[in-house]
Amino acid sequence: MDSEVAFDKSPYYRVYKSGRIERLLGETTVPPSLTPQNGVVSKDVVYSPERNLSVRVYLPYKVSSDFTVKKLPILIYFHGGGFIIETAFSPTYHTFLTSAVAAANCLAISVDYRRAPEFPIPVPYEDSWDSIKWVFTHITGTGPETWINKHGDFEKVFLAGDSAGGNIAHHLTIRAKEERLCSDDSLIISGMILIHPYFWGKTPIDEFEVRDVIKSQMIEGSWRIASPNSKDGVDDPLINVVGSEDSVLSELGCGKVLVMVAGDDQLYRQGWCYGEKLKKSGWEGEVEVMETKDENHVFHLRDPKSDNARQVVLKLAEFINN
């Protein structure tokens, strides 16, 4: 039974009928570095000792080596991978975050969370929420991590993520308002950046959403692996953010939003319609949708040196600093 495949999403992963998962991508890791890479240094810090979970913190080298205290915007980033593959420490995300920090001149915190199917939804959300609460223990400058105490500007906090990480960023930006990380009523999240966010539903979101049957089956099968207890499948409001009546975007707890979509991505219309729904929701912030034509899902991670990938990084940097 252990050799019988229940769900095959090669070249990413396979799940066997025994419940075992074989991850084929995203398991390689690279260490952090205090030697500058692209002008950026990094280190790993434990945020949940009881679960042995860490974040990777990135800082421009010039700031880290300066004896003066310079405050920088804080970017809290959640990696993608369908809640199933990838980590905050993979070469893919280390390269991307290094580039983003170099371009935006910010302090970035890349979050590692436990993954399905061993730890199904809602565990990835809960771990990610714990990471945000840990980051905010530094708001008075007395938290456990020196770089965040010294250089984090808590008036400029941004949540971001790609694919499943974008899904996480959305839900936690809602939760940040609902649960009030600060004692007053002020918004503690300045902005949110969703890159090719992982939103879906059983029926097309509009007349322009053309669905490939095989890709749709892969998306829906992946959600079943990640969230086996979702009685509504991909109509669960956790993934059907755009189409579900239970998804209330007006409660988004930030002042501005950037949604990036790729023209050839199966999730393209979901991201686009998220921006449109947000505009009509009664939410009082500003939303911008950036489309990259003729590109596929997370192209910027697959080919980080391409011109279009550089445009993604530059747009992220502009959004943070504007």
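Residues numbered from 1 in each chain as written. Predicted model: local features only at pLDDT ≥ 70, side-chain atom pairs only at ≥ 80, totals over all residues. Heavy atoms only, no water.

Undergrad: Please clarify how the side chain of R23 should be interpreted in this entry.
TA: Looking at the element boundaries, R23 is found in strand β3 (residues 21–23). Since its relative accessible area comes to 18%, R23 is described here as buried. Polar side-chain contacts of R23 include one of 2.6 Å to the backbone oxygen of I84. (Helix = DSSP H or I, 4+ residues; strand = E, 2+ residues; numbered from the N terminus. Buried < 20%, exposed > 50% of the residue type's maximum accessible area, 1.4 Å probe, protein only. Polar contact = N/O pair within 3.5 Å; in protein donor to acceptor, adjacent residues only side chain to side chain.)

Undergrad: How do you make sense of the sheet that holds β3 when you look at a structure like this?
TA: Backbone hydrogen bonds are what pair the strands of a sheet, in a parallel or an antiparallel way. Strand order across the open sheet formed by three strands is β1-β2-β3, with antiparallel pairing between neighbours. Where the open sheet ends on each side, the last strands, each with one partner, are β1 (5–9) and β3. Each adjacent strand pair in this sheet contributes to an overall mean axis angle of 10 degrees, direction not counted. Inspection of the sheet shows β1 paired to strand β2 (residues 13–16) by four bridges, in the antiparallel sense. Residue pairing for β2: V5 is matched across the bridge by Y16. On the sheet, helix α6 (residues 213–226) packs against β1 and β2 and is oriented at approximately 125 degrees with respect to β1. (Pairing = 2+ DSSP bridges. Axes fitted to C-alpha atoms, helices over the stretch in contact; angles between N-to-C directions. Contact = heavy atoms within 4.5 Å.)

Undergrad: I keep staring at the pattern of salt bridges and nothing clicks. Help me out?
TA: It is possible for side chains bearing opposite charge to pair when their charged atoms get close. The tally for this structure, following the rule as stated, stands at 22 salt bridges. Linking E22 and R14 is a salt bridge whose minimum nitrogen-to-oxygen distance equals 3.0 Å. Given a relative accessible area of 26%, E22 falls into the partly exposed group. On the basis of relative accessibility, which here comes to 24%, the residue R14 falls in the partly exposed class. The salt bridge partner of K293 is E291, with a shortest N-O separation of 3.5 Å. A relative accessible area of 58% means that K293 is categorised as exposed. A relative accessible area of 28% means that E291 is categorised as partly exposed. (Salt bridge = Lys/Arg side-chain N within 4 Å of Asp/Glu carboxyl O.)

Undergrad: Would you mind showing me how to read the pairing of strand β11 (residues 286–292) here?
TA: Bridging between strand β10 (residues 254–262) and β11 involves seven bridges; their strand directions are parallel. Residue pairing in the sheet places V261 in a bridge with E291 of β11. Of the crossover connections in this fold, the one passing from β10 over helix α7 (residues 268–280) to the parallel β11 is right-handed. (Right-handed = clockwise from strand over helix to strand, strands pointing away.)

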